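Letter by letter, the chains look like this.
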Amino acid sequence: MPIVTVQLTREGTDAGVDRVTAEQKAAIYKGVSEVLLDVLGKPLDWTWVVFEEVEMENWGWAGCPSPNTASC
């Protein structure tokens, strides 16, 4: 049984949206499950997809906080 964790920041992609929408998540659930079916032959009902939404202030890269919280 595959378990896939998808980590996303809560910045949103459209004006006024500060997180991934339910419709976007549904498309990702379906797409990830279909990839595992196509590549590994894992049945759709065997695949679990878990979202972890990360607040913008809780991530960074190259030793610096995310660009929306502070400069490095």
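Worth saying up front: this structure is predicted, and the values here are computed from it rather than measured. (Residues numbered from 1 in each chain as written. Predicted model: local features only at pLDDT ≥ 70, side-chain atom pairs only at ≥ 80, totals over all residues. Heavy atoms only, no water.)

Section: the pattern of salt bridges
Our working definition: Only one rule defines a salt bridge in this text: a Lys or Arg side-chain nitrogen within 4 Å of an Asp or Glu carboxyl oxygen. Helix and strand definitions follow DSSP, with helices as H or I runs of at least four residues and strands as E runs of at least two, each counted in order from the N terminus. Between buried and exposed lies partly exposed: a residue is buried under 20% and exposed over 50% of the maximum accessible area for its type, with that area taken using a 1.4 Å probe on protein chains only.
Applying the stated criterion across every chain yields a total of one salt bridge. Where E53 meets K25, a salt bridge forms, and the shortest distance between an N and an O atom there is 3.1 Å. A residue pair is termed long-range when its members are at least 10 positions apart, and E53 in strand β2 (residues 48–54) and K25 in helix α1 (residues 22–40) qualify at 28 residues. Accessibility expressed as a relative area gives 18% for K25, which makes it buried.

Focus on the packing of aromatic side chains
For clarity, the cut-off: Put simply, two rings from Phe, Tyr or Trp (the six-membered ring, in Trp's case) pair if the centres are within 6.5 Å, and we call them stacked under 30 degrees between planes, edge-to-face over 60, tilted for the rest. Only Lys NZ and Arg CZ are tested; either one counts as a charge over a ring when it is within 6 Å of the ring centre and within 35 degrees of the ring normal.
Counted under the stated rule, the structure contains two aromatic pairs. Taken together, a centroid distance of 5.0 Å and an interplanar angle of 80 degrees make the contact between Y29 and F51 edge-to-face. Linking Y29 in helix α1 with F51 in strand β2, this pair joins segments that are 22 residues apart in sequence. Taking relative accessible area as the criterion, F51 reaches 15% and is therefore assigned buried. When the ring of W59 is compared with that of W61, the centres are 5.2 Å apart and the planes differ by 15 degrees; the resulting orientation is stacked. W59 gets classed as partly exposed once you look at its relative accessible area, which sits at 25%. For the cation-ring pair, K25 lies above F51, with the distance from its terminal atom to the ring centre recorded as 5.5 Å.

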